[in-house]
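This is what each chain is made of:
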Amino acid sequence: MVDIHSHLLPDYDDGPPTIDHTRKMLEVAEQGGTRIIVATPHILDITDYDREDEILHKFNLVRELIKKDGRNLKIFLAGEIFLFPDTKLDRVFSTFNNKKKYALVEFGMRQIPDFVPQKLFDFVMKGLRPILAHPERYIPIIKFPQYAYKFVQMDVALQMNAGSILGAFGDSVKRTARQLLEHRCIHIIASDGHNINSRSINLEEVRKYIVNTYGEKQAKILLEENPLRAIRGEPLIKEEPIPFEEETDDRSIWNRFKKKTGLGKFI
Ligand SMILES: [Fe+2]
């Protein structure tokens, strides 16, 4: 399997506190059947952009550790980029494998800020392909899953967390994860692993769940083929998403965005 979302760098963010913890995470990932993994440290604000050298140094440490331990694992670098109105995707950690194509992005869980649809649309127009991390965990998407469908319509790819569909984040997140899968709005599943316990890096259990519920072919697309394509900068395999019932709230962010930009027919 190919895991494109993980927090592996030692003593960098809320991932492993030491390199020994990183080593344990790599062992668990390998045992669970992961063969390619992407370290995606949190890039939360401008101060993290100034930590580029530290990120590269720690990434190289982890790559050396994999080699030293003889693990059957390949590692690449990206970042989990917290969006701001002025976010640029021009750093070595901004896009997967620095291909200037796919970028893993997130924003606050409680609301979709007004600038977000425009920002994502601007990236897409420049040929970049944002991948929104864990849409099933955002409160507005839990309330109105059709928002996820609208992101998909804008050519934003959606990455679900393994733990979400297995219940690690509670019933409402699990229900939303299932809805998004059933409406073909999820393109990639990844661990978002932070450690080996509560936020595990092991993809074995989610693979079994997807195989049992949606079949072997779907598991291969979500856990191998699409994540690999994101690393390589190639187009993802996408099925036509199934729309949800239209939301009618005229004050919603999507209606404001439509009015402001005239992009109604796209979203
Ligand atoms: Fe993450």
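The residue numbering used here restarts from 1 in each chain and proceeds along that chain's sequence as written. Given that this is a predicted model, residues contribute local features only at a pLDDT of at least 70 and side-chain atom pairs are listed and counted only at 80 or more, while totals for whole chains, interfaces and linings are drawn from all residues. Where side-chain values are given, they derive from all heavy atoms of the structure, hydrogens and water being excluded.

**Q** Explain the pattern of salt bridges here, please?
**A** In a structure, side chains of opposite charge can pair up when their charged atoms sit close to one another. We define a salt bridge as a side-chain nitrogen of Lys or Arg found within 4 Å of a carboxyl oxygen belonging to Asp or Glu. With the rule as written, the count across this model stands at 14 salt bridges. Asp48 is the partner of Arg51 in a salt bridge, and the nearest nitrogen-oxygen pair spans 3.3 Å. Under the relative-accessibility criterion, Arg51 is labelled partly exposed at 24%. Type-normalised accessible area, obtained with a 1.4 Å probe on protein chains alone, sets the label of each residue: buried when under 20%, exposed when over 50%, and partly exposed for intermediate values. Judged by its relative accessible area of 8%, Asp48 falls in the buried class. The residue Arg51 makes a salt bridge to Glu54 at a minimum N-O spacing of 2.8 Å. Taken together, the salt bridges that share partners define one network made up of Asp20, Arg23, Glu30, Asp69 and Arg71.

**Q** How should I be thinking about unusual backbone geometry in this particular structure?
**A** Leave glycine aside and you will find that most residues have negative phi; peptide bonds, for their part, are mostly trans. The backbone of Asp11 sits at a positive phi, close to 50°, despite the residue not being glycine. Only runs of H or I of at least four residues qualify as helices and only runs of E of at least two qualify as strands under DSSP, and these elements are numbered from the N terminus. Assignment of secondary structure puts Asp11 in the loop between β1 (2-6) and α1 (19-31). A positive phi angle, close to 55°, is found at Arg184, a residue other than glycine. Checked against the element boundaries, Arg184 lands in the loop between α8 (171-182) and β9 (188-190).

**Q** Got a minute to help me understand the packing of α1 against helix α3 (residues 52-68) in this structure?
**A** A pair of packed helices is captured by two measures, namely the crossing angle of their axes and the spacing between those axes. Closest axis-to-axis distance for the α1/α3 pair is 11 Å, and the angle between their directions is 55°. When the interaxial angle is binned, α1 and α3 end up oblique. Regarding α1 and α3, the two cross each other, and that crossing is right-handed. Side by side, α1 and α3 meet where Ile19, Thr22, Arg23 and Leu26 of the first sit next to Leu61, Val62, Leu65, Ile66 and Lys68 of the second. For the contact of α1 with α3, the class distribution of residues is six nonpolar, one polar and two charged. To obtain an axis, a line is fitted to C-alpha atoms, over the contacting stretch when the element is a helix, and the angle between two such axes runs from 0 to 180 degrees between their N-to-C directions. Working definition: roughly parallel below 35 degrees, roughly antiparallel above 145 degrees, roughly perpendicular at 65 to 115 degrees, and oblique for all remaining angles. Handedness of a crossing is defined here by the sense of rotation of the near helix relative to the far one, left-handed for an anticlockwise turn of less than a right angle and right-handed for a clockwise turn. The contact criterion used throughout is that any non-hydrogen atoms of two residues lie within 4.5 Å. Amino acid classes used here: Ala, Val, Leu, Ile, Met, Phe, Trp, Tyr, Cys and Pro are nonpolar; Asp, Glu, Lys and Arg are charged; the rest, including Gly, are polar.

**Q** Help me out: how do you make sense of the coordination of the iron ion in this one?
**A** Note on metal sites: the ideal angle is 109.5 degrees for four tetrahedral donors, and 90 or 180 degrees for six octahedral donors. Only nitrogen, oxygen and sulfur atoms within 2.8 Å of the metal, or 3.2 Å for Na, K and Ca, are treated as donors, and water is left out, so sites may look incomplete. Each protein donor to the iron ion is listed here as His5 (NE2), His7 (NE2), Glu80 (OE) and Asp192 (OD); together their distances run 2.0 to 2.2 Å. By the criteria applied here, four donors are tetrahedral when all angles lie between 85 and 135 degrees, four are square planar and six octahedral when opposite donors are over 155 degrees apart and every other angle lies between 65 and 115, and any other arrangement is irregular. For the iron ion, the four donor atoms are set out with angles of 80 to 173° between them, so the coordination reads as irregular. Every donor residue of the iron ion comes from the same chain, spaced as H-x1-H-x72-E-x111-D. Here the residue His5 occupies a position in strand β1, and Glu80 occupies one in strand β5 (residues 80-82), the gap between them amounting to 75 residues. By relative accessible area, Glu80 is classed as buried at 0%.

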